[in-house]
Amino acid sequence: MFAILVDLDGTIINSAPGIIGSYQHALRCMGVDCPPAEDLTWVVGPPSRRSFPKLIRPDQDVEEAVRLYRAHYEEHGLFNGTIYPGMQEALTDLYALPARLFVCTAKVQSFAERIIEHFGLGRLFERVYGAEPDGKFDDKGLLIEHIIGVEQIDPSRMVMVGDRANDMLAAARHAIPGVGALWGYGNETELMEAGATILCPSPHDLAAAIRNLLQV
């Protein structure tokens, strides 16, 4: 059976409002000039520990920024998002291949688990994998390695679906085909330069694209 790893933010859900709002809150708390929301879409997807150093002053504490962000996000932003149109249907089709579906996200795992349950997707995913609060598995390549080991999956029978460069780069490290989700926050250039195997224009096309890729 094939295993399909699916990113969360920008792939399953449009989570920008909650994430960006919480980044802005953390920046304001730290006395940093806060960019408008439209200039912060790049923070959706990558680990917050890698994004905050680009936003705060060198003398400021990244861990404090992450703490402020997560506290606000848990209270106000966690469910401030929507499932992309057609995504639930695509996941249902992939589940019926049959395939083993796993969430593979840089978001803290406990947050990701709550989001998946909130949006009624828990029945489709065998397990949710994400980062630990202390930063373990912020590197998605290490997270994929962890999933392969725990689940005893043959990498030649895996696919990674994601919308950012870190998704495609992590998949490529394990010679796993990467499906670039063009409906998310990464564009065609970002995804192809990061090693995407194929690009998919919308969730409505995802199941067919993966069937063609896997030749099933």
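Use the structure listed above.
Conventions we followed
- Residues numbered from 1 in each chain as written.
- Predicted model: local features only at pLDDT ≥ 70, side-chain atom pairs only at ≥ 80, totals over all residues.
- Heavy atoms only, no water.
- Buried < 20%, exposed > 50% of the residue type's maximum accessible area, 1.4 Å probe, protein only.
- Helix = DSSP H or I, 4+ residues; strand = E, 2+ residues; numbered from the N terminus.
- Pairing = 2+ DSSP bridges.
- Axes fitted to C-alpha atoms, helices over the stretch in contact; angles between N-to-C directions.
- Contact = heavy atoms within 4.5 Å.
- Core = buried A, V, L, I, M, F, W, Y, C linked by side-chain atoms within 4.5 Å.

The next point concerns the pairing of strand β1 (residues 2-6). Judged by how many residues are buried, β1 sits mostly within the fold: 5 of 5 residues are covered. Here β1 shows two buried faces, one formed by F2, I4 and V6 and the other by A3 and L5. Relative to strand β4 (residues 99-108), β1 runs parallel, the two being bridged by 5 bridges. Residue A3 lies in a different strand from β4, and its bridge partner there is R100.

This part takes up the sheet that holds strand β8 (residues 198-200). The strand order across the open sheet formed by 6 strands is β5-β4-β1-β6-β7-β8, and the pairing between neighbours is parallel. With partners counted over all chains shown, the strands left at the sheet margins are β5 (127-131) and β8, one partner each. Each neighbouring strand pair of the sheet contributes to a mean axis angle of 25°, computed without reference to strand direction. Taken together, the 3 bridges between strand β6 (residues 158-162) and strand β7 (residues 178-181) define a ladder with parallel strand orientation. Looking at the pairing, V161 lines up with V179 of β7. Sitting on the sheet, helix α6 (residues 140-151) touches β1, β4, β5 and β6, and the angle it makes with β4 is about 145°.

With that out of the way, let us pick up the nonpolar core. Formed by 56 residues in total, the largest nonpolar core has its most connected members in I12, F52, F125 and L206. Examining the composition of this core, we find that 6 residues originate from one element, helix α1 (residues 16-29), more than from any other. When residues no more than four places from it in sequence are discounted, the contact partners of F125 are V6, I12, L91, L101, F102, V103 and I116.

This part takes up unusual backbone geometry. With the exception of glycine, most residues fall at negative phi, and the peptide bonds are largely trans. Note that the residue after L97, namely P98, is joined by a cis bond; omega there is 10°. Mapped onto the elements, P98 comes out in the loop between α4 (87-95) and β4. Unusually for a residue other than glycine, F137 sits at a positive phi of about 75°. On the secondary structure map, F137 appears in the loop between β5 and α6. Phi is positive for Q215, close to 60°, though the residue is something other than glycine. Along the chain, Q215 turns up in the segment after α9 (206-214). Residue Q215 is classed as exposed on the basis of its relative accessible area, which comes to 74%.

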